[in-house]
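# Observations on chain architecture
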Amino acid sequence: MDLGLSNNIAVVTGGSSGIGLATARTLLADGARVAICGRDAARLAAAVEQLGTPNTELLLAECCDVLDRAQVDAFARKVAQWGGEKVDLLVNNAGQGRVSTFGNTTDAQWRDELELKFFSQILPIRAFLPLLEKSEWPAIVAVNSLLSIQPEPHMVCTSAARAGVQNLLKSLAAEFAPRIRVNSVLLGLIDSGQWQRRYEARTDKSQSRAQWMSELAADKKIPLGRLGDPDEPARAIVFLGSRAASYITGASLEVSGGVSRSI
Ligand code: NDP
């Protein structure tokens with residue numbers, strides 16, 4: 001299937017690690033030119049190294065906090081200069097989850113989480129909208145979580161915020177139609193940065209990574225029996241962002257190894 005991504009300009013927020021990095025790699029392999037951002041310069045430089053594409057024509061890597069409007073606007077200006085004043089695909093991926101219950105989440109933590117989940121969508125979409133409008137086949141793909149439809153009490157504010165983001169995306173899909181398609185992926189457990197950090201913080205240090213991950217998959221009752229690899233959501237993101245998905249907007253695609261219980 002021809003995804004029609006050759007010479008497309010794609011932006012991946014949080015492209016320096018995990019799912020964002022795998023998405024950038026997949027897009028480059030499919031012929032797109034890719035701009036990635038993250039906050040940490042060293043992590044960004046390591047990602048450029050891993051992508052093995054030092055050619056700055058093909059890959060632009062910029063430090064940018066997606067919650068800082070001035071930084072996001074500056075990133076969009078850089079991308080505009082680099083990419084020829086248009087963007088074909090915006091992947092809003094930057095972020096992380098928060099593990100906390102209602103009982104132990106402070107007001108400040110609620111505000112932080114709501115800000116992260118909403119403004120990591122709002123600020124990049126605002127900044128890149130004029131560039132997306134100049135594309136022939138523009139698309140936005142948001143990386144969201146199954147928690148949006150299947151909330152977990154131990155991730156109460158992440159679940160609630162993620163549900164709100166799904167609602168926002170539905171409105172945007174209608175508002176931006178017929179020009180710009182807006183879709184999302186709903187992830188289950190993907191073996192990337194946040195699970196690596198939780199593995200490193202495990203209480204039983206004698207457990208190997210493979211043991212820890214397989215117990216996690218069993219504990220979460222994942223029908224496919226394992227966590228996802230970042231390349232797996234990356235392929236779904238790239239499909240939704242490509243011309244191959246030309247009649248899909250306002251949709252969400254579950255990438256969860258079957259853990260979703262909704263019909
Ligand atoms: P990683 O921690 O591996 O990667 C997160 C990326 O986002 C990094 O590049 C990080 O770089 C960047 N980032 C985080 N905050 C910001 C910010 N404010 N501004 C710019 N960049 C930022 O995580 P994953 O790949 O696992 O997660 C990717 C997305 O998928 C996240 O939104 C996450 O919540 C979501 N998700 C992941 C699941 C999973 O199981 N892995 C499940 C459900 C959803 P830096 O820190 O340098 O800024």
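Residues numbered from 1 in each chain as written. Predicted model: local features only at pLDDT ≥ 70, side-chain atom pairs only at ≥ 80, totals over all residues. Heavy atoms only, no water.

## Focus: the site of the ligand
Near the ligand there are 29 residues, and of these Ser16, Ser17, Arg43, Arg162 and Ser192 occur at the shortest range. A distance of 2.7 Å separates an oxygen atom of the ligand from a polar atom in the side chain of Arg162. One nitrogen or oxygen atom from the side chain of Ser192 is found 2.4 Å from an oxygen atom belonging to the ligand. Coverage of the ligand by the protein chains reaches 95% of its 880 Å² of free accessible surface. (Near = heavy atom within 4 Å. Polar contact = N/O pair within 3.5 Å; in protein donor to acceptor, adjacent residues only side chain to side chain. Areas by Shrake-Rupley, 256 points an atom, 1.4 Å probe, with all protein chains shown as cover.)

## Focus: the environment of Arg25
Within the element layout of this structure, Arg25 appears in helix α1 (residues 18–29). Those residues in contact with Arg25 that sit more than four places away from it in its chain are Gln50, Leu51 and Asp231. (Helix = DSSP H or I, 4+ residues; strand = E, 2+ residues; numbered from the N terminus. Contact = heavy atoms within 4.5 Å.)

## Structural notes on the domain arrangement of the protein chain
Looking at the assigned domains, one finds that the protein chain contains domain 1 (9–190 + 229–252) and domain 2 (191–227). Taken over C-alpha atoms, the centre of domain 1 sits 25 Å from the centre of domain 2. Across the domain 1/domain 2 interface, buried area totals approximately 900 Å², and carbon plus sulfur atoms make up 49% of it. Across the contact surface, domain 1 and domain 2 share one salt bridge. Between Arg226 and Glu232 there is a salt bridge, with its nearest N and O atoms 2.9 Å apart. (Domains from an automatic or database assignment. Buried area = accessible area lost by both parts, 1.4 Å probe. Salt bridge = Lys/Arg side-chain N within 4 Å of Asp/Glu carboxyl O.)

## Focus: the nonpolar core
Counting 31 residues, the largest nonpolar core has Val11, Phe75, Val79, Val87, Phe128, Ile140 and Phe176 as the members making the most contacts within it. Those elements that provide at least two residues to this core are β1 (9–13), β2 (33–38), α3 (69–83), α4 (107–132), β5 (139–145) and α5 (156–176). When residues in this core are grouped by element, the largest group, seven residues, is from α4. Residues contacting Phe176, with those up to four places away along its chain left out, are Ile125, Leu129, Ile140 and Val182. Formed by 29 residues, the second largest nonpolar core is a distinct cluster that contains Val12, Ile36, Val141 and Ile190. (Core = buried A, V, L, I, M, F, W, Y, C linked by side-chain atoms within 4.5 Å. Buried < 20%, exposed > 50% of the residue type's maximum accessible area, 1.4 Å probe, protein only.)

## Considerations on unusual backbone geometry
Residues Ala177 and Pro178 are joined by a peptide bond in cis, for which omega reads 0°. Mapped onto the fold, Pro178 is located in the loop between α5 and β6 (181–187). Phi at Asn7 takes a positive value of approximately 65°, unusual for a residue other than glycine. Position of Asn7 among the secondary structure elements: in the segment before β1.

## Some words on the sheet that holds β6
Pairing in this open sheet of seven strands is parallel, and the strands run β3-β2-β1-β4-β5-β6-β7 from one edge to the other. Only two strands of the sheet have a single neighbouring strand rather than two, namely β3 (59–63) and β7 (252–255). Strand-to-strand twist across the sheet, computed as the mean angle between neighbouring axes with direction ignored, equals 15°. (Pairing = 2+ DSSP bridges. Axes fitted to C-alpha atoms, helices over the stretch in contact; angles between N-to-C directions.)

## Topic: the side chain of Ser184
Take Ser184: it is sitting in strand β6. Engagement of the side chain of Ser184 in a polar contact is seen with the side chain of Gln166, the distance being 3.2 Å. Ser184 has contacts with Ala142, Gln166, Leu169, Leu240, Ala251, Ser252 and Leu253, leaving out every residue within four places of it along the chain.

## What to know about helix α6 (residues 193–200)
Those residues of α6 lying buried are Gly193, Trp195 and Tyr199. The buried residues of α6 all sit within an arc of 165° when viewed along its axis, so they share a single face. Summarising the contacts, the buried residues of α6 are in contact with α7 (209–219). (Arc of directions from axis to C-beta.)

## Quick word on the pairing of β6
Within β6, seven of the seven residues are buried, which leaves the element mostly enclosed by the surrounding structure. The alternating pattern of β6 places Arg181, Asn183, Val185 and Leu187 and Val182, Ser184 and Leu186 on opposite faces, both of which are buried. Relative to β6, β5 runs parallel, the two sharing seven bridges. Counted as the bridge partner of Val143 is Val185 from β6.

## Regarding the packing of aromatic side chains
Aromatic ring pairs are described here by two measures, namely the spacing of the ring centres and the angle between the planes. Counted according to the given criterion, the structure contains four aromatic pairs. Linked through ring pairs, Trp195, Tyr199 and Trp212 together constitute an aromatic cluster. Above the face of the Tyr199 ring, Arg209 is positioned so that its terminal group lies 5.9 Å from the ring centre. (Phe/Tyr/Trp six-rings, centres within 6.5 Å; stacked < 30°, edge-to-face > 60°. Lys NZ or Arg CZ within 6 Å of the ring centre and 35° of its normal.)

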